[in-house]
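Fold and geometry: a report
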Protein chains: 2
Amino acid sequence: MVKNNCRRHGWWNIKFRGCGYRLTSGREAILDILSKSEGHLSAEDIYMKLHPKYPNIGLTTIYRTLDVLANLGLIFKFDFGDKRARYELAEGPKGAQHHHHLICTSCKRVIDYTDFIDEEVKLLNETEKGLCQKYEFKITNHLIQFYGLCKICAKR
Amino acid sequence: MVKNNCRRHGWWNIKFRGCGYRLTSGREAILDILSKSEGHLSAEDIYMKLHPKYPNIGLTTIYRTLDVLANLGLIFKFDFGDKRARYELAEGPKGAQHHHHLICTSCKRVIDYTDFIDEEVKLLNETEKGLCQKYEFKITNHLIQFYGLCKICAKR
DNA sequence: ATCCTATATGAAAATGGTTTCCATTAGCAA
DNA sequence: TTGCTAATGGAAACCATTTTCATATAGGAT
Ligand SMILES: [Zn+2]
Ligand SMILES: [Zn+2]
Ligand SMILES: [Zn+2]
Ligand SMILES: [Zn+2]
């Protein structure tokens, strides 16, 4: 019985090594925080959560690691208009399910929604197919966000 | 016969004044550049285009004006991942038609497409309706972008 | 277990798009 | 024309992110 996140057997070990990246304790710690946290974390959020237990992981490393993880497709990077990048674990083993975002332009609150996703994704796939053909563009990812006022900001 | 973009009769005069903003020559010049230019301009792009004819309009004013225009809904602000905001005239009188974007993650090229827009928008409207009800969220705008590799970057 | 080398790291400094400050100018209502 | 207030420009401040560079470490080879 192999423990699922054992240092040398975790499922992301393969992904890392396969792409020529080394598996370091810092990278594991960051991935761990991301998989345990709700919401959309900024680099500094992660630094804060990590610091008590790993006081020697610097902000620089967090930025670099987030970059690697995004390249590997393990996380997504978002811009919700609050002037700092936000990160979220991608779908997949242990990852969250596919969802899109509602963003309040007033208070910057972000709501994840999974309703309607199926229809949306179905249409997106068709659109993607058409766009690929017409523009010879190899689509790898999509972004859908709705902007407006949240419940609280609306009544004011 | 009233000239369409005469200083005091232009169609955006009303919009400005109605919201308590003053119509200044700088604002007109910026709006003018945006309506005459193809593509997705950054604040500095606009500054460069403006400078020869209006050497006394500063970058600061451009940023402030773009903010006002976005608030008025006259322009949209985008993040295409090249670390600077990009602006584009919204639909409407003299504005471009509604479109979405294909973004090359390698060379940052951006392709506007209008194909499939009708189906997309139709679905989006339904989704919006549902989301409004479920989350009591007042949706005012949406963003759809596809990421991938453009024709040129794909063959490498 | 030990070496070796390319990769990863942290601290500090640099970067650069955007915002803020403040003294001056200019819309526009009366 | 006058007066009040919003708008402006230049310089300085801001601040998330990136770069630099000397040091540490992962992990394949011995
Ligand atoms: Zn809100
Ligand atoms: Zn989310
Ligand atoms: Zn490209
Ligand atoms: Zn466009």
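In the block above lies the structure referred to throughout.
With that settled, consider the relation of the copies chain B and chain A. For the match of chain B to chain A, the screw axis carries a shift of 0.0 Å, the RMSD comes to 0.0 Å, and the turn is 180 degrees. Viewed as a symmetry operation, the transformation between the two copies matches a two-fold axis. Residue B:Ile144 of chain B places its C-alpha closer to the rotation axis than any other residue of that unit, at 2.4 Å. Of all interface residues in chain B, 100% are interface residues in chain A too; the two copies therefore contact each other through one and the same surface.

Residues and elements named next belong to chain B. With distances of 2.1 to 2.7 Å, the protein atoms coordinating the zinc ion (ligand 4) are His40 (NE2), Glu88 (OE), Glu88 (OE), His99 (NE2), His101 (NE2) and Asp112 (OD). Viewed at the metal, the six donor atoms of the zinc ion (ligand 4) are separated by angles of 53 to 176 degrees, and the geometry they form is irregular. Positions of the donor residues of the zinc ion (ligand 4) along the chain correspond to the pattern H-x47-E-x10-H-x1-H-x10-D. One end of the pair, His40, is in the loop between helix 2 (25–36) and helix 3 (43–50); the other, His99, is in the loop between strand 2 (85–89) and strand 3 (100–104), and 59 residues separate them in sequence. In this structure, His40 and His99 share a single accessibility class: buried.

Near DNA strand D there are 21 residues, and of these A:Tyr63, B:Thr24, B:Asn56, B:Thr61 and B:Arg64 occur at the shortest range. Considering DNA strand D, the proportion of its atoms within 4 Å of the protein that are sugar or phosphate atoms stands at 68%. At 2.8 Å from a phosphate oxygen of DNA strand D is found a main-chain nitrogen or oxygen belonging to A:Ala85. Interatomic distance of 3.4 Å between a side-chain N/O atom of B:Thr60 and a base nitrogen of DNA strand D. Only helix 4 (59–72) of chain A together with helix 4 (59–72) of chain B provide two or more residues apiece to the surface near DNA strand D.

Another point: the coordination of the zinc ion (ligand 1). All names here are of chain A. For the zinc ion (ligand 1), the full set of protein donor atoms is Cys104 (SG), Cys107 (SG), Cys150 (SG) and Cys153 (SG), at a range of 2.2 to 2.4 Å. Relative to the metal, the four donor atoms surrounding the zinc ion (ligand 1) lie at angles of 105 to 115 degrees, and the coordination shape comes out tetrahedral. Mapped onto the sequence, the donors of the zinc ion (ligand 1) take the spacing C-x2-C-x42-C-x2-C. A residue pair is termed long-range when its members are at least 10 positions apart, and Cys107 in the loop between strand 3 (100–104) and strand 4 (110–113) and Cys153 in helix 6 (residues 151–154) qualify at 46 residues.

By nearness alone, 20 residues border DNA strand C, and A:Thr24, A:Asn56, A:Thr61, A:Arg64 and B:Tyr63 come closest of all. In DNA strand C, the atoms that sit within 4 Å of the protein are 63% sugar and phosphate, with bases accounting for the remainder. Backbone polar atom of A:Asn56 to a phosphate oxygen of DNA strand C: 2.2 Å apart, as the coordinates give it. One of the backbone nitrogen or oxygen atoms of B:Ala85 is found 2.8 Å away from a phosphate oxygen of DNA strand C.

What follows is about the pattern of salt bridges. One pass over the structure, following the stated rule, counts ten salt bridges over all chains. As a salt-bridge pair, B:Lys151 and A:Glu136 come within 3.4 Å of each other at their nearest N and O atoms. Pair noted here: B:Lys151 is in helix 6 (residues 151–154) and A:Glu136 is in the loop between helix 5 (117–135) and strand 5 (138–149), and the two residues belong to different chains. Residue classification places B:Lys151 among the partly exposed residues on the basis of a relative accessible area of 41%.

Counting through the fold element by element, A:Gly26 comes out in helix 2 (residues 25–36). As for A:Gly26 and A:Thr61, which are separated by 35 residues in sequence, their C-alpha atoms are 7.8 Å apart.

Now for the sheet that holds strand 4 (residues 110–113) of chain B. Taken together, the six strands give an open sheet; going across it, the order is 4(A)-3(A)-5(A)-5(B)-3(B)-4(B), and neighbouring strands pair in mixed fashion. Two strands in the sheet have a free side with no partner beyond their single neighbour: strand 4 of chain A together with strand 4 of chain B. Strand after strand, the sheet turns through a mean of 25 degrees between neighbouring axes, direction not considered. Bridge analysis of strand 3 of chain A against strand 5 of chain A gives four bridges, and the strand direction is parallel. From the neighbouring strand, A:Ile103 faces strand 5 of chain A, where its bridge partner is A:Tyr147. Set on the sheet, helix 5 of chain A makes contact with strand 3, strand 4 and strand 5 of chain A together with strand 3, strand 4 and strand 5 (138–149) of chain B; between it and strand 5 of chain A the angle comes to about 130 degrees.

What counts, and where the lines are drawn
Residues numbered from 1 in each chain as written. Chains lettered and ligands numbered in written order. Predicted model: local features only at pLDDT ≥ 70, side-chain atom pairs only at ≥ 80, totals over all residues. Heavy atoms only, no water. Least-squares fit on C-alpha atoms with pLDDT ≥ 70 in both. Contact = heavy atoms within 4.5 Å. Donors = N, O, S within 2.8 Å, 3.2 Å for Na, K, Ca; no water. Tetrahedral: all angles 85-135°; square planar, octahedral: opposite > 155°, others 65-115°. Helix = DSSP H or I, 4+ residues; strand = E, 2+ residues; numbered from the N terminus. Buried < 20%, exposed > 50% of the residue type's maximum accessible area, 1.4 Å probe, protein only. Near = heavy atom within 4 Å. Polar contact = N/O pair within 3.5 Å; in protein donor to acceptor, adjacent residues only side chain to side chain. Salt bridge = Lys/Arg side-chain N within 4 Å of Asp/Glu carboxyl O. Pairing = 2+ DSSP bridges. Axes fitted to C-alpha atoms, helices over the stretch in contact; angles between N-to-C directions.

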